[in-house]
Amino acid sequence: MLDLSRARDRMVKVHVGRRGIRNREILQAMREVPREDFVDPGFEEFAYEDGPLPIADGQTISQPYIVALMIEMADVKAGDHVLEVGTGSGYAAAVMSRIVEHVYTIERHPGLAKSAKQRFEKLGYRNIEVRTGDGTKGWPEAAPFDAIVVAASGPGAPLALQEQLDVGGVLVVPVGDDPDLQRLLKVTRTGASTYSEEDYGGVRFVPLIGEQGWPEGDKLAE
Ligand code: SAM
């Protein structure tokens, strides 16, 4: 059995902490969650490099620094109810689940949703609910959310997600029509029908495919 705890501590210190993530809860959660359990078999030794890795269905487990940045932007804290769109491997949901009260996460590929669920069960992470479906429509029965994190990039910030934020809640979402470079946005609900927007710079994500994302088969969605 590989012992990767030292590599994990080093990744958190070098690739996350030294790049500017200061939130102690996020750093601690990343020290606790075994990323090697979220990568595909054969990729364990690369689990603590600061890069995305391929997972099933042509998708990726996001780069650790970007996972930390998005969670920091979402301003999550104890007691929060958070929605994630794009479960993928389940790693980001697992990290958030160590900080907040409850994580709802939606994945469009049933196989990925199933494996993520099995990982959460194996690790005993009981405050995460996984659903298969189109996350651009949100999870209305569980709304409003304190934060929503979208791990795939769409043409804009989905309206349904903005409407499912609590007042003061934050939506973190990559947007843009260039498949190689999108903008990472933080949308804050400032009132019943008012929102403010901040741009956190360039990122590269897999496409958000759905009713309020890109249509399936679009060239951006390949
Ligand atoms: N958060 C993930 C992790 O920690 O491994 C990484 C997610 S990966 C970069 C993006 C995921 O979004 C993919 O698994 C993709 O299938 C999913 N996705 C794309 N469009 C979606 C949609 N409309 N609803 C739900 N999931 C979607």
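Thresholds applied
- Each chain has its residues counted from 1, following the order in which its sequence is written.
- Reporting in this predicted model follows two pLDDT cut-offs: at least 70 for local features of residues, and 80 or more for side-chain atom pairs to be given and counted; totals over whole chains, interfaces and linings ignore these cut-offs and use all residues.
- Each residue receives a C-beta atom placed from its backbone. It is near a molecule or strand if this atom lies within 6 Å of it.
- Runs of E in the DSSP output that reach at least two residues are strands. Runs of H or I that reach at least four are helices, and both are numbered from the N terminus.
- Asp, Glu, Lys and Arg are counted as charged, while Ala, Val, Leu, Ile, Met, Phe, Trp, Tyr, Cys and Pro are counted as nonpolar; the rest, among them Gly, fall into the polar class.
- UniProt positions are given in the numbering used here, feature names are shortened, and annotations may be inferred rather than shown by experiment.
- Field definition: a residue is buried when 20 or more other C-beta atoms are found within 10 Å of its C-beta, exposed when 12 or fewer are, and partly exposed for counts in between, with C-beta atoms placed from the backbone.
- Throughout, a pair of residues is in contact if the C-beta atoms placed from their backbones lie within 7 Å.
- The term bend refers to the angle at a residue between two fitted axes, each drawn through seven residues, those ending there and those starting there.
- Fitted lines through C-alpha atoms give the axes, limited to the stretch in contact for helices. The angle between two N-to-C directions lies from 0 to 180 degrees.
- In this scheme, a crossing is called left-handed if the near helix is turned counterclockwise away from the far one by less than a right angle; it is called right-handed if the turn is clockwise.
- In this description, strands pair whenever DSSP reports at least two bridges between them.
- One nonpolar core equals one set of buried Ala, Val, Leu, Ile, Met, Phe, Trp, Tyr and Cys residues connected by C-beta atoms within 7 Å.

## Remarks on the site of the ligand
Now for step 1: Surrounding the ligand, one finds 26 residues, the nearest of these being Gly86, Gly88, Ser89, Gly135 and Gly210.
Now for step 2: When contributions to the shell around the ligand are tallied by element, the ones reaching two or more residues are strand S2 (60-61), helix H4 (91-97) and strand S4 (102-107).
Now for step 3: Residues of the shell around the ligand, tallied by class, amount to twelve nonpolar, eleven polar and three charged.

## Examining the UniProt feature "active site" (unreviewed entry) in the chain
Now for step 1: As recorded in UniProt, the feature "active site" (unreviewed entry) lies at Ser62.
Now for step 2: Mapped onto the fold, Ser62 is located in the loop between S2 and helix H3 (64-73).
Now for step 3: Since 24 C-beta atoms lie within 10 Å of it, Ser62 is described here as buried.
Now for step 4: Not counting residues within four places of it along the chain, the set of residues in contact with Ser62 comprises Pro52, Val67, Ala92 and Ala151.

## A word on the environment of Gly42
Now for step 1: Within the secondary structure, Gly42 is located in the loop between helix H2 (24-32) and strand S1 (53-54).
Now for step 2: You can call Gly42 exposed: it has 7 C-beta atoms within 10 Å.
Now for step 3: For the pair Gly42 and Trp214, spaced 172 residues apart in the sequence, the C-alpha separation amounts to 32 Å.

## Some thoughts on helix H1 (residues 5-17)
Along an α-helix, residues three or four positions apart point the same way, because every turn accommodates 3.6 residues.
Now for step 1: Helix geometry: H1 is bent most strongly at Met11, by close to 25 degrees.
Now for step 2: Taken as a whole, H1 has its buried residues at Arg8, Met11, Val12 and Val16.
Now for step 3: Buried residues belonging to H1 abut H2 and H3.

## Quick notes on the packing of H1 against H2
Now for step 1: H2 packs onto H1 with a crossing angle of 145 degrees between their chain directions and a minimal axis gap of 8 Å. Handedness of the H1/H2 crossing: right-handed. Contact residues: H1 offers Arg8, Asp9, Val12, Val16 and Gly17, while H2 offers Leu27, Met30 and Arg31.
Now for step 2: Looking at the contact of H1 with H2 residue by residue, the class counts come to four nonpolar, one polar and three charged.

## Description of the sheet that holds strand S6 (residues 145-150)
Now for step 1: Across the sheet, which stays open at both edges, the seven strands sit in the order S5-S4-S3-S6-S7-S8-S9 with mixed pairing between neighbours. Lying at the two open borders of the sheet, with one neighbouring strand each, are strand S5 (128-132) and strand S9 (195-203). Averaged over neighbouring strand pairs, the angle between their axes works out to 15 degrees when direction is ignored.
Now for step 2: Taken together, the four bridges between S6 and strand S7 (residues 165-178) define a ladder with parallel strand orientation. By the bridge assignment, Ala147 is partnered in S7 with Val170.
Now for step 3: Those strands touched by helix H5 (residues 110-123) are S4 and S5, and its axis lies near 165 degrees from that of S5.

## A word on the nonpolar core
Now for step 1: Counting residues in hydrophobic clusters, the biggest one holds 64 residues, and the most contacted among them are Ile71, Val95 and Val149.
Now for step 2: Those residues in contact with Val95, other than ones at most four positions away along the chain, are Ala29, Met30, Val33, Val67 and Ile71.

## As for H3
Now for step 1: With respect to burial, H3 is a largely interior element, seven of its ten residues being buried.
Now for step 2: For H3, the set of buried residues is Pro64, Ile66, Val67, Ala68, Leu69, Met70 and Ile71.
Now for step 3: Looking at the buried side of H3, the elements it contacts are H1, H2, H4, S6, S7 and S9.
Now for step 4: Within two residues after H3, Asp75 carries a phi angle of roughly 60 degrees, on the positive side.

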